[in-house]
Amino acid sequence: MSDLTLTANIDSPDDFYADLLDIHEGHSKEESEAINARLILILANHIGNRDVLKQALAAAVS
C-alpha cells in the first residue's frame, strides 16, 4: 500500500502556485470551478492508486 505524501514535494512550489492562479485569470467563478474539477481528475488519473486517492480525500476534509 502506498502512502499519501503530505510534506512539501513540489519543485518551486511558489512558481506552481503562480501557474495555478494564472490558469484562472480571466475566467468566471463557474469556469474556474470547472478547471479545478478537470485538474483534480487529471491528477487523480495520474496517481492512479485508489488507496492514495482515498487518503487524499480524507486529508482534504480534515
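Check the entry above for the structure.
No experiment lies behind these values; they were computed from the predicted model shown. (Residues numbered from 1 in each chain as written. Predicted model: local features only at pLDDT ≥ 70, side-chain atom pairs only at ≥ 80, totals over all residues. Heavy atoms only, no water.)

S.K.: Lay out helix α3 (residues 50-61) with the relevant residues and their values.
M.R.: Taking 1.5 Å of rise per residue, the 12 residues of α3 would be expected to cover 16 Å, and the 17 Å separating its terminal C-alpha atoms lies within 8% of that figure. The N-cap residue of α3 is Asn49: its side-chain oxygen and the backbone nitrogen of Asp51 are 2.9 Å apart. (Helix = DSSP H or I, 4+ residues; strand = E, 2+ residues; numbered from the N terminus. Expected span 1.5 Å × (residues − 1). Polar contact = N/O pair within 3.5 Å; in protein donor to acceptor, adjacent residues only side chain to side chain.)

S.K.: Describe the environment of Ser2, listing the residues and the values that go with them.
M.R.: For Ser2, the position within the fold is in the segment before α1 (13-24). For the pair Ser2 and Glu31, spaced 29 residues apart in sequence, the C-alpha to C-alpha distance is 33 Å. Setting aside residues no more than four positions away along its own chain, Ser2 makes contact with Asn49, Val52 and Gln55. (Contact = heavy atoms within 4.5 Å.)

S.K.: Tell me about the pattern of salt bridges, residues and numbers included.
M.R.: Under the counting rule described, the total for this entry stands at 1 salt bridge. For Lys29, the salt bridge goes to Glu33, with nearest N and O atoms at 2.5 Å. Taken together, the residues Lys29 and Glu33, both in helix α2 (residues 29-47) and 4 residues apart, mark about one turn of the helix. (Salt bridge = Lys/Arg side-chain N within 4 Å of Asp/Glu carboxyl O.)

S.K.: How would you summarise the side chain of Ser32 if you had to cite specific residues and measurements?
M.R.: Relative to the assigned elements, Ser32 resides in helix α2. With relative accessibility at 14%, the residue Ser32 sits in the buried group. A polar contact of 3.0 Å, which involves the side chain of Ser32, links it to the side chain of His24. Dropping the residues within four chain positions of it, Ser32 is found in contact with His24 and His27. (Buried < 20%, exposed > 50% of the residue type's maximum accessible area, 1.4 Å probe, protein only.)

S.K.: Outline the side chain of His24, supporting the account with residue identities and numerical values.
M.R.: Locating His24 in the fold gives a position in helix α1. Within the structure, His24 has its side chain in polar contact with the side chain of Asn36 (distance 3.0 Å).

S.K.: Explain unusual backbone geometry to me, and be specific about the residues and the numbers.
M.R.: With phi around 50°, Ser12 is a residue other than glycine that occupies positive phi space. Looking at the element boundaries, Ser12 is found in the segment before α1. Exposure remark for Ser12: the relative accessible area of 42% places this residue in the partly exposed category.

Nothing here speaks to function; it is geometry throughout.
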